[in-house]
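Given next are the chains, with one letter for each unit.
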Amino acid sequence: MVEQHAATVSPTSTEVVDLLAGLGRVLSDQIVADRDFPPFRRATRDGYAVRASDLANIPARLEVVGEIKAGAAPASQTRTLAPGQAIGIMTGAPLPEGSDAVVMVEHTSAVDSAIEVTRSVKSGDNFVARGAEARAGQILLDRGHRLDPAAIAIAASVGKSRVQVYSKPRVAILSTGDELVETDISPGPTQIHNSNSYSLAAQVQNAGGEPVRLPIAPDEPMRLQALIDEGLGCDLLLLTGGVSMGKYDLVEQVLTGLQAEFYFTGVAIQPGKPAVLGSCGAGALARLLALHAKPAGGVMPAPQKKYFFGLPGNPVSTMVTFELFAKPMIEALAGQTPQPLIFPAANLKSEVRTKTGLKRFLPAILSGEFEKAEVELAPWQGSGDIAALARANCYIVIPPDRERIEAGEWVSLLMR
Ligand code: AMP
Ligand code: MG
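The following paragraphs examine the structure supplied in this document. From a predicted model like this one, the values you see are computed outputs, not experimental measurements. (Residues numbered from 1 in each chain as written. Chains lettered and ligands numbered in written order. Predicted model: local features only at pLDDT ≥ 70, side-chain atom pairs only at ≥ 80, totals over all residues. Heavy atoms only, no water.)

Neighbouring strands of a sheet are bound in pairs by backbone hydrogen bonds; such pairs are parallel or else antiparallel. Taken in spatial order, the 6 strands make up an open sheet running β16-β13-β17-β21-β20-β18, and their pairing is mixed. Here the strands that pair on one side only, and so sit at the sheet edges, are β16 (210–213) and β18 (261–265). With strand direction ignored, the average angle separating the axes of adjacent strands in the sheet is 20°. (Pairing = 2+ DSSP bridges. Helix = DSSP H or I, 4+ residues; strand = E, 2+ residues; numbered from the N terminus. Axes fitted to C-alpha atoms, helices over the stretch in contact; angles between N-to-C directions.)

Below is the structure:
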C-alpha cells in the first residue's frame, strides 16, 4: 500500500558533495568503471609467476629470472617469461607475459638462483584476469543507489572524489498532545517529555531525510491545524499522537477539515494499530480561508499533493510504524530505488505466547555468534515503554494466527 504511493514521489533537485559526505546519500548519477578492473592480470598471492605446463611433473625446478612487486613499472609486465623460468611476484603485481599462473611461495623452496616447486598449478590459478571484475565503461553503481561504505569504496576506486546526489527530502515532524513538554523544559507532575520528535528525527536522518521538528501541537484544533499546514510545506509530514479513538485525538478530524484524502486509517498490527496514511494539498489552510472569503468563482491552482503519516503516540508504536510505513516513503522521496524490507530469521530461545488477530512486533534481544542466531523477548510494559528499547535490538514478528510459538522455532525479525 505505501509502496504504491511511494512510487508516485521523486526528488526534485541534485547537488554535488565530497565523496565521504555522500555516505547515506542517494546517487543521482551513475558511477562507471573508468578502465578495466583489474587493469592488468593481478596476482592474488605472493609467489612466482610461472607457466602451468612447466609444472606438469613435480617437484619441478625453474630458473628465477627476476621479481615484480605491486606498482612495478609497466615494463615488467611486458617482459616475457620463457619455458622453464619463473619470476618472483607479489600480491597486487601485474603478471608478466608468457606466464599463466602464480605458484604460492609456500609451495616452493629456493635453491641458488632457482626454485623447486612442490605443487602443480592450473592455468589461471592465483591471479585475476584483466577486466574480470568489471569492463571499462560498465555501470558499477546506478542512479538511486544509496551510498554505503562499500559504494564509497567503489566510487573511490574509479577516482571520484565528489559525487552527484539527490537533495534530501525535508520531513516535518509534529508531535501532538497536551501532556508533552520540550526536552529542555522541566515537566509538571502529569507531563512528559516529547521523545517522539527525537526518535522520529533520528529515524528520518537514518532513512536519508532532513528532519524539520515543529513545535508541539496541543490537543486544540486551531493550533493543530496551523502546525499541520506548516508541516505540509515540507516534502512529507509525520504526526505522532492524536490518531487513536480518544476524545482529544483530533488529528484525523483536523486533516479532514483540510480536505485530506486518507488511504488507510488503521492497520492490523500491534503496536501501531491506529496508524494513518493520507495526502493533502500544500497550502490547504490558505485555500480553506480563501474559500470562506469568496465562496463563488475564482479558480485556484491545483495544490501540490503532500503525503502525511499519522503515527500513534506511544513511543514504541511510533518507532515501529515509522520503520514499516514512513521509511519507504522517505527513501522514495530521497530518490532511492525501492528496497524490500528485509526480515532476517533467528531461532527462538524461549516460548512466546500472544493473542491472535494482529501481527505483533515485540521488542527482543538478538544474540549468538555466526550461524547460531538466537532471539528472545525483552521484558517490557507495552508500547509506552521506551526504556525497554534499551534492552532490545530488534523486534520479533509474530504472525496474527499464532497464539504460541515454541522455543526452537524460527521467527522473523524487524531490525532497527
Ligand atoms: P496518543 O496516541 O496521543 O493517544 O498517545 C498515546 C500515548 O503516547 C500517551 O501515553 C502519550 O502520552 C504518549 N505520547 C504521545 N506523544 C508522545 C511524544 N511525542 N513523546 C512521548 N510520548 C508520547
Ligand atoms: Mg494524545
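Further notes follow.
Our next topic: empty space enclosed by the protein. Sizing a probe to match a water molecule and rolling it over the atoms shows the empty space that remains. Under the defined criterion, the tally for this structure stands at 1 cavity of 30 Å³ or more. Here the largest cavity is characterised by a volume of approximately 40 Å³. In terms of lining residues, the largest cavity is bounded by G24, R25, V26, Y166, S167, K168, G208 and A334. Here the residues of the lining of the largest cavity are counted per class, giving 3 nonpolar, 3 polar and 2 charged. (1 Å grid on protein atoms, 1.4 Å probe; cavity = no way out; pocket = protein on both sides within 12 Å on 5 of 7 lines; lining within 4 Å. Points joined across faces, edges and corners; volume = space filled by probe spheres on them. Nonpolar A, V, L, I, M, F, W, Y, C, P; charged D, E, K, R; others polar.)

Before going further, it helps to examine unusual backbone geometry. Cis geometry marks the peptide bond from F37 to P38, where omega comes out at -10°. With respect to the helices and strands, the residue P38 is situated in the loop between β2 (31–32) and β3 (42–43). Cis rather than trans, the peptide bond between I58 and P59 has omega equal to 0°. With respect to the element layout, P59 can be found in the loop between β4 (47–50) and β5 (60–68).

Spatial strand order, β7-β4-β6-β5-β9-β8: 6 strands in an open sheet with mixed pairing. Looking at which strands have only one partner, the edges of the open sheet turn out to be β7 (101–104) and β8 (108–111). On average, adjacent strands in this sheet sit at an angle of 40° to one another, irrespective of strand direction. In the sheet, β8 pairs with strand β9 (residues 114–117) via 4 bridges, with the strands oriented antiparallel. The residue bridging T108 from the neighbouring strand is V117, located in β9.

Right, let's get into the environment of S199. Inspection of the secondary structure assignment puts S199 in helix α4 (residues 196–207). What makes S199 buried here is its relative accessible area of 16%. Counting along the chain gives 77 residues from S199 to V276, while the straight-line C-alpha distance between them is 18 Å. (Buried < 20%, exposed > 50% of the residue type's maximum accessible area, 1.4 Å probe, protein only.)

Moving on: the site of ligand 1. Taken together, 17 residues sit near ligand 1, with E179, N194, S195, G242 and G313 positioned nearest. Between ligand 1 and E179, the relevant distance is 2.6 Å, taken from an oxygen atom to a side-chain nitrogen or oxygen of the residue. Taking G313, its main chain carries an N or O atom lying 2.9 Å from an oxygen atom of ligand 1. Structurally, ligand 1 is housed in the second largest pocket. Of the residues that constitute the shell around ligand 1, the class distribution is 3 nonpolar, 12 polar and 2 charged. (Near = heavy atom within 4 Å. Polar contact = N/O pair within 3.5 Å; in protein donor to acceptor, adjacent residues only side chain to side chain. Sits in = over half its atoms within 2 Å of the grid points.)

The subject of this paragraph is the pattern of salt bridges. With the rule as written, the count across this model stands at 15 salt bridges. One salt bridge in this structure joins D36 and R135, with 3.5 Å as the shortest N-O distance. Of this pair, D36 sits in the loop between β2 and β3 while R135 sits in the loop between β10 (127–128) and β11 (139–141), and the two are 99 residues apart along the sequence. Close ionic contact of K122 with D125 constitutes a salt bridge, the shortest N to O distance being 3.9 Å. The class for K122 is exposed, based on a relative accessible area of 60%. Classification of D125 by relative accessible area gives partly exposed; the value is 22%. (Salt bridge = Lys/Arg side-chain N within 4 Å of Asp/Glu carboxyl O.)

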